[in-house]
Amino acid sequence: MNVIVFASRKGGSGKSTLTAHLAAHAYKPSRSVLLVDADPQGSLTLWHKLRGTNEPPLVDGTDGVRAIVSSAKRQGYEWVFIDTPPTMSAVVTDAIHAATLIIIPARLTLFDLAAIKETMDLARQLRRPYAVVINGVPPRRDNTESPFVREARAALTSLNVPVWSGQITTRNNYSLALAEGEGAAEYEAGSEAANEIASLWTAIDKSVKAIHGHYAGVAMHRVAA
Ligand SMILES: Nc1ncnc2c1ncn2[C@@H]1O[C@H](COP(=O)(O)OP(=O)(O)OP(=O)(O)O)[C@@H](O)[C@H]1O
Ligand SMILES: [Mg+2]
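Given the structure is predicted, the values throughout are model-derived calculations rather than measurements. (Residues numbered from 1 in each chain as written. Chains lettered and ligands numbered in written order. Predicted model: local features only at pLDDT ≥ 70, side-chain atom pairs only at ≥ 80, totals over all residues. Heavy atoms only, no water.)

Draft legend 1. Structural context of the pattern of salt bridges. Within the structure shown, the criterion is met by nine salt bridges. Here Lys117 makes a salt bridge to Asp121, at a shortest N to O gap of 2.9 Å. Of this pair, Lys117 and Asp121 both sit in helix H5 (residues 110-125), separated by four residues, roughly a single helical turn. The salt bridge partner of Glu145 is Arg140, with a shortest N-O separation of 3.4 Å. With a relative accessible area of 32%, Arg140 lands in the partly exposed category. In the salt-bridge network here, residues are joined through shared partners; they are Lys117, Asp121 and Arg124. (Salt bridge = Lys/Arg side-chain N within 4 Å of Asp/Glu carboxyl O. Helix = DSSP H or I, 4+ residues; strand = E, 2+ residues; numbered from the N terminus. Buried < 20%, exposed > 50% of the residue type's maximum accessible area, 1.4 Å probe, protein only.)

Here you go:
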């Protein structure tokens, strides 16, 4: 079983957005996914209510995720996605402790970058693999990323921060889809947003395979740098 934890101490960085879109993308009858909303704000729960299908199912993890993860394992779930609050509270530590891989979404502002350091430090302390996902940035032109993204990526890389090579662009489709209880491809198949989510999922899947020793190529994460 793989536990993917979406964490960042910075509010509004994209944790719930990525959890919901990736859940909608990853779930299929042959691939079981359990969603855990560990954030009392309940953003993921709201999306799940709008969705109305219970596919994938969601449980409340605001009181702790340890027992939920153990029970998911007993029930034979393949994937557990945990959305966490923008804090350094016990439930976040609990989730990071249980993580196979931590996804740290970050907008490229000074405050976001300061906040990811705290989340990365916690991941390192608990020796869990993690990767930063750049979110909310200008689109690529002719497959070239904006100079702003390129510079920020270079700065992160020079600080030894593991960063996904793709990006999640600022797109209305991301929020419009969530307001319908949908994922990007359900909202608009073949859209740029759907492509970005699919490619992030591929990177996560590859990282998880590498973590389990089933893949020897390049993966985006790093354990305790
Ligand atoms: N790539 C994007 N394009 C457009 N809107 C986005 C994008 N990513 C996030 N948003 C919007 O930004 C807002 C904050 O995103 P989200 O709720 O996912 O962040 P969060 O990290 O879960 O916040 P919190 O820490 O408060 O839980 C939401 O309104 C969401 O729709
Ligand atoms: Mg959230």
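Draft legend 2. Fine view of the nonpolar core. Core analysis: the biggest nonpolar cluster contains 35 residues, and Val5, Ile82 and Ile102 have the highest contact counts within it. Every residue in contact with Val5, bar those within four places of it in the chain, is listed here: Ile82, Thr84, Ala95, Ile96, Ala99, Leu101, Ile102 and Ile103. Listed in part, the 33 residues of the second largest apolar core include Leu18, Ala24, Leu44 and Trp201. (Core = buried A, V, L, I, M, F, W, Y, C linked by side-chain atoms within 4.5 Å. Contact = heavy atoms within 4.5 Å.)

Draft legend 3. Structural context of the site of ligand 1. Around ligand 1 there are 19 residues in total, and Gly12, Lys15, Ser16, Thr17 and Asn135 lie nearest to it. Residue Gly12 places a main-chain N or O atom 2.8 Å away from an oxygen atom belonging to ligand 1. One of the side-chain nitrogen or oxygen atoms of Arg107 is found 3.1 Å away from an oxygen atom of ligand 1. Here ligand 1, which alone exposes 630 Å², has 77% of that area covered by the protein. Per-element tally for the shell around ligand 1: the top contributor is helix H1 (residues 15-26), with three residues. Its residues assigned to classes, the shell around ligand 1 comprises three nonpolar, 11 polar and five charged. (Near = heavy atom within 4 Å. Polar contact = N/O pair within 3.5 Å; in protein donor to acceptor, adjacent residues only side chain to side chain. Areas by Shrake-Rupley, 256 points an atom, 1.4 Å probe, with all protein chains shown as cover. Nonpolar A, V, L, I, M, F, W, Y, C, P; charged D, E, K, R; others polar.)

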